[in-house]
Amino acid sequence: MKNKFLIIPGKFALEKVSDCDFLFPLQGFCVGMERTFSLESIPDYSYVYVNRLLDSKGIEEFTKLLPLFSKKVRGIVFEDLGILNVLKENSIAVETIFYGTHGVCSSYTANSLLRDVDTVILSNDITKEEIDEILEHVTKKVGLNIFGHLPYMYSRRTLLTNYRKHFSLEDKKQRIIKEKVSKKEFLVVEDEFGTMFYDTCVFDGRELLEKDVSYFLIDLHLENVSSIKAFMEDFLKGKDYPNTTDGFLYRKTIYRLPPKGGV
């Protein structure tokens, strides 16, 4: 496989970059994305991204796009398993890449999914040590997200609109909100399909570039990047970026509280 990087574009002009493919957020089927693309507007043989969790109507609308898939789509990155069922039922032969934002945290989960998809992208909720453990036990190569604002939560409700109305605030589709207890700030992005909460810091996981994986995902849709080619050159040379974080690479996620009085 020549192309290793899948890049979600921001507002900058698209340009060809060696070893990179754009991952186009599909218009009408993504949440929390400032820029989306119709199938007609993207180059032939492209990768598309669907991060919405779809209801019956959404699945019906997605099915209507299938006649264009054979020409336009090389591969699809998706979170809703209903997408996989639709592709199989209609015998659409494209590369399938499952990216459940918080879903693939173990080799067991990865291998279960890899029976039905070509590859998966691991969650960013796990440590570097846990990533290494998974990579040793998966049945196929998997992908890693290595740059961008980490998505923490997704709701199909228009939470910013409700928040604005409650506090009589100016109408905005993006807002920084601080959680009162932890004082943690979140970048909240809303569109007609729901609301996405992102880390205000940018995850920089370049130390994972040494891993032998199917794809490295780079999400630039919230970044102020004027040239993707210049960005990739600087990125691979190790340029420092402000306001970055290593996420959970060295910080285990708390998934079970200890019993009272014990550890």
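Everything numeric in this text was worked out from a predicted model, so none of it was measured.

Caption draft 1: Representation of the overall build of the chain within the structure. A count of helices and strands for the chain gives seven helices and 14 strands. Against the compact-globule benchmark of 18 Å for 263 residues, the chain has a radius of gyration of 19 Å, which places it among compact chains. Counting only C-alpha atoms, the chain reaches 55 × 50 × 40 Å along its principal axes. Within the chain, contacts between residues separated by at least 24 positions form 61% of all contacts whose residues are at least 6 apart in sequence.

Caption draft 2: Region of interest: the state of the cysteines. Under the defined criterion, the tally for this structure stands at zero disulfides. Free of any disulfide, Cys20 has its nearest neighbouring cysteine sulfur in Cys30, separated by 20 Å.

Caption draft 3: Highlighting the sheet that holds strand β12 (residues 202-204). Taken together, ten strands build an open sheet; the order of strands is β6-β5-β4-β3-β2-β1-β13-β7-β12-β14 and the sheet is mixed. The strands lining the two open edges of the sheet, one partner per strand, are β6 (119-120) and β14 (244-245). In the sheet, strand β5 (residues 95-98) pairs with β6 via two bridges, with the strands oriented parallel. When the bridges of β6 are listed, Phe98 appears paired with Val120.

Caption draft 4: The arrangement of the packing of aromatic side chains in detail. A complete count under the given rule lists 15 aromatic pairs for this structure. An angle of 80° between the planes, with centres 5.8 Å apart, marks the rings of Phe29 and Phe62 as edge-to-face. Taken as a pair, Phe29 in the loop between β2 (20-25) and β3 (46-50) and Phe62 in helix α1 (residues 56-63) lie far apart in primary sequence, 33 residues in all. A single burial state applies to Phe29 and to Phe62, both of which are buried. Judged by centre distance (4.9 Å) and plane angle (55°), the ring pair of Tyr163 and Phe167 falls under tilted. With Tyr163 and Phe167 both in helix α6 (residues 159-167) and four residues apart, the pair spans about one turn of that helix. Here Phe167 falls in the partly exposed class, since its relative accessible area comes to 48%. Taken together through their ring pairs, the aromatic side chains of Phe147, Phe231, Phe235 and Tyr241 make up a single cluster.

Caption draft 5: Inspection of helix α7 (residues 228-237) at higher detail. Within α7, the full set of buried residues consists of Ile228, Phe231, Met232 and Phe235. Along the axis of α7, the buried residues cluster in a sector spanning 95°; they form a single face. Elements that come into contact with the buried residues of α7 comprise β1 (5-8), β2, β7 (144-148), β12 and β13 (216-219). Note on α7: the residue one or two positions beyond its end, Gly238, has a positive phi of about 95°.

Caption draft 6: Spotlight on the pairing of β2. β2 sits mainly inside the fold: six of its six residues count as buried. Burial along β2 is two-sided: the face carrying Cys20, Phe22 and Phe24 and the face carrying Asp21, Leu23 and Pro25 are both buried. The pairing of β1 with β2 spans three bridges and is parallel. The partner of Ile7 across the bridge, within β2, is Phe22.

Caption draft 7: Region of the structure containing unusual backbone geometry. The backbone of Asp19 shows a phi angle near 65°, a positive value even though the residue is not glycine. Within the element layout of this structure, Asp19 appears in the loop between β1 and β2. For Asp19, a relative accessible area of 30% gives the class partly exposed. Here the phi dihedral of Ser91 falls at roughly 55°; this positive angle occurs in a residue that is not glycine. Following the sequence through the fold, Ser91 ends up in the loop between α3 (81-89) and β5.

So, how was this worked out
Residues numbered from 1 in each chain as written. Predicted model: local features only at pLDDT ≥ 70, side-chain atom pairs only at ≥ 80, totals over all residues. Heavy atoms only, no water. Helix = DSSP H or I, 4+ residues; strand = E, 2+ residues; numbered from the N terminus. Rg over C-alpha atoms; globule rule 2.2 N^0.38 Å. Contact = heavy atoms within 4.5 Å. Disulfide = S-S within 2.5 Å. Pairing = 2+ DSSP bridges. Phe/Tyr/Trp six-rings, centres within 6.5 Å; stacked < 30°, edge-to-face > 60°. Buried < 20%, exposed > 50% of the residue type's maximum accessible area, 1.4 Å probe, protein only. Arc of directions from axis to C-beta.

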